[in-house]
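Spelled out from the first residue to the last, the chains are:
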Amino acid sequence: MGVQYLSWNYDQMGVVATVRLSEDTDNTTAWQRFLPTGPVALLPLNSDYSSLVWSTTHEHAKQLLNMPEENFIDALNDALWKQYPRSGAVDACMSWLGSVLRSIGLPDGAERQLPPSVATLAPSSRAAFPLGFGHSTRYVAPHVALVGDAAHRVHPLAGQGVNLGFGDVKDLTDFLSDALYSGLDVSHNDWLEKYESARQRHNVPMQLAVDALYRLYGADLPPVVLARSVGLQLTNAIHPLKRILRKQMLC
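Computed from a prediction, not measured in an experiment: that's the story for all the values here.

### Quick notes on a negative patch on the surface
A cluster of acidic residues, Glu-69, Glu-70, Asp-74 and Asp-78, forms a negative patch at the surface. With respect to the helices and strands, the residue Asp-74 is situated in helix H2 (residues 69-81). For Asp-74, a relative accessible area of 48% corresponds to the partly exposed category.

What follows is the structure, encoded as structure tokens:
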């Protein structure tokens, strides 16, 4: 297409696999935990299986790929359950905020579900890929339209890559339907440029927000940890804000 593609690497790998859970469960909740090396996430597939995305360093990713399955499962469960050292000052501030939220009738986030445990891996499902940011300055050219990862690339920590792609497909098919209804050729510049404009207005802010989250969670300074912890707790407590975020993330 001859267009510019903006990109940078995060110096991380995403280790992926399909895992079978140990417990009988409805398995309708996505889980994510932020570790010192990066987030580990389980995304439900059905009642028994989830999709794993474990963001970590290049060296650790190589170790995880080369482990026997039993050792890999032990390492994954340890990542989901291990208790890491916490800042006493941050915990004290969060406890105070929880008491303030309870006093005004808002949820304080104190009640937490326990994460699942993993029993086995689906055969030949373990792999890894480099993580980075990417965005094409143009989504369209004569007879060409980019969607999904061809147009943009984000860190998996917010689980937004697939949602951005679904949004591209929805808008592309909508504009294609309008073009056909109007009697235009499907490659007409009018509807192609409308698609590009609509998606870039949505995708670029979301990509930058995910990039900011990656950098925010990559810092371990107590003031930064406190700021993000307070932000999450307030977001959880304020239901209208949660609804707005959900709507924006599913567009």
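After that view of the structure, there is still more to cover.
### Let's talk about helix H5 (residues 189-217)
Given 3.6 residues per helical turn, the α-helix brings residues three or four places apart onto the same face. Counted at 1.5 Å a residue, the expected span for H5 with its 29 residues is 42 Å, and the 41 Å between its end C-alpha atoms agrees. Where H5 bends most, at Gln-200, the angle is about 30°.

### As for the packing of helix H4 (residues 161-181) against H5
Following both chains from N to C, one finds H4 and H5 inclined at 160°, their axes separated by 9 Å at the closest point. Looking at the two axes, H4 sits roughly antiparallel to H5. Two packed elements cross with a definite hand, and for H4 against H5 that hand is right-handed. Each of Leu-164, Gly-167, Asp-168, Asp-171, Leu-172, Phe-175, Leu-176 and Ala-179 in H4 lies in contact with H5, whose residues at this interface are Trp-191, Lys-194, Tyr-195, Ala-198, Arg-199, His-202, Asn-203, Met-206 and Gln-207.

### Side note on the nonpolar core
Formed by 19 residues in total, the largest nonpolar core has its most connected members in Val-19, Val-40, Leu-52, Trp-54, Phe-72, Leu-76 and Val-118. At the level of secondary structure, the elements contributing two or more residues to this core comprise strand S1 (5-21), strand S3 (38-44), strand S4 (49-56), helix H1 (58-66), H2 and strand S5 (118-121). When residues no more than four places from it in sequence are discounted, the contact partners of Phe-72 are Val-15, Leu-52, Leu-64, Met-67, Leu-121 and Arg-126. Judged by nonpolar contacts, the second largest core, of 11 residues, contains Ala-151, Leu-192, Tyr-195 and Ala-198.

### Describing the pattern of salt bridges
Evaluated as defined, the whole model comprises five salt bridges. Where Asp-174 meets Lys-170, a salt bridge forms, and the shortest distance between an N and an O atom there is 3.1 Å. Pair noted here: Asp-174 and Lys-170 are both in helix H4, with a separation of four residues, about one helical turn. Classification of Asp-174 as partly exposed rests on a relative accessible area of 35%. Connected via shared salt-bridge partners are Asp-168, Asp-171 and Arg-199.

### Some words on the pairing of S1
In the sheet, S1 pairs with strand S6 (residues 127-136) via nine bridges, with the strands oriented antiparallel. What sits directly across from Val-15, in S6, is Ala-128. With eight bridges connecting them, S1 and S4 associate as antiparallel partners. Across the sheet, the residue bridging to Val-16 is Val-53, located in S4. Sheet analysis places S1 next to S5, joined by three bridges and oriented antiparallel.

### A word on unusual backbone geometry
Across residues other than glycine, the phi torsion is negative in most instances, and most of the peptide bonds are trans. In the Ramachandran plot, Asn-27 falls in the positive-phi region, its phi being about 50° despite a non-glycine side chain. Counting through the fold element by element, Asn-27 comes out in the loop between S1 and strand S2 (31-35). A residue is classified by how much of its surface remains accessible, and Asn-27, at 8% relative accessible area, is buried. Even without being glycine, Ser-124 reaches a positive phi, approximately 60°. Within the fold, Ser-124 resides in the loop between S5 and S6.

Cut-offs applied
Per-chain numbering applies: the sequence of each chain, read as written, is numbered from 1 onward. Local features in a predicted model are, by the rule used here, given only for residues with pLDDT of at least 70; side-chain atom pairs are given and counted only at 80 or more, and totals for whole chains, interfaces and linings are based on all residues. Excluding hydrogens and water, the side-chain figures rest on all heavy atoms present in the structure. Exposure above 30% relative accessible area and no salt bridge define the residues that can form patches, which grow by joining like charges within 9 Å and nonpolar side chains of Val, Leu, Ile, Met, Phe, Trp and Tyr within 5 Å. Surface accessibility in these figures is a Shrake-Rupley result with a 1.4 Å probe; residues are shielded only by whichever protein chains are displayed. Salt bridge, as used here, is a side-chain nitrogen of Lys or Arg placed within 4 Å of a carboxyl oxygen of Asp or Glu. Within this scheme the basic residues Lys and Arg register as positive and the acidic residues Asp and Glu register as negative, but His and the chain ends are omitted. Charge coordinates come from a single atom per side chain, which is NZ of Lys, CZ of Arg, CG of Asp or CD of Glu. In this description a helix means any DSSP run of H or I spanning at least four residues, a strand means any run of E spanning at least two, and both kinds are numbered starting from the N terminus. Classification of residues uses two cut-offs on accessible area relative to the type maximum, computed with a 1.4 Å probe and protein chains only: under 20% is buried, over 50% is exposed, and between them is partly exposed. The span expected for a helix works out to 1.5 Å for each residue beyond the first. What we call the bend at a residue is the angle made by axes fitted to the seven residues finishing there and the seven residues starting there. Note on method: axes are straight lines fitted to C-alpha atoms, helices fitted across the in-contact stretch only, with angles between N-to-C directions ranging 0 to 180 degrees. Working rule for angles: under 35 degrees goes down as roughly parallel, over 145 as roughly antiparallel, 65 to 115 as roughly perpendicular, anything else as oblique. By convention the crossing between two helices is left-handed if the near helix lies anticlockwise of the far one by an angle smaller than a right angle, and right-handed if it lies clockwise. Note on contacts: a residue pair is in contact if any heavy atoms of the two residues lie within 4.5 Å. Think of a nonpolar core as a cluster: buried Ala, Val, Leu, Ile, Met, Phe, Trp, Tyr and Cys residues, connected wherever their side-chain atoms sit within 4.5 Å. When DSSP finds at least two bridges between two strands, those strands are taken to pair.

So yeah, pure geometry; function would need other evidence.
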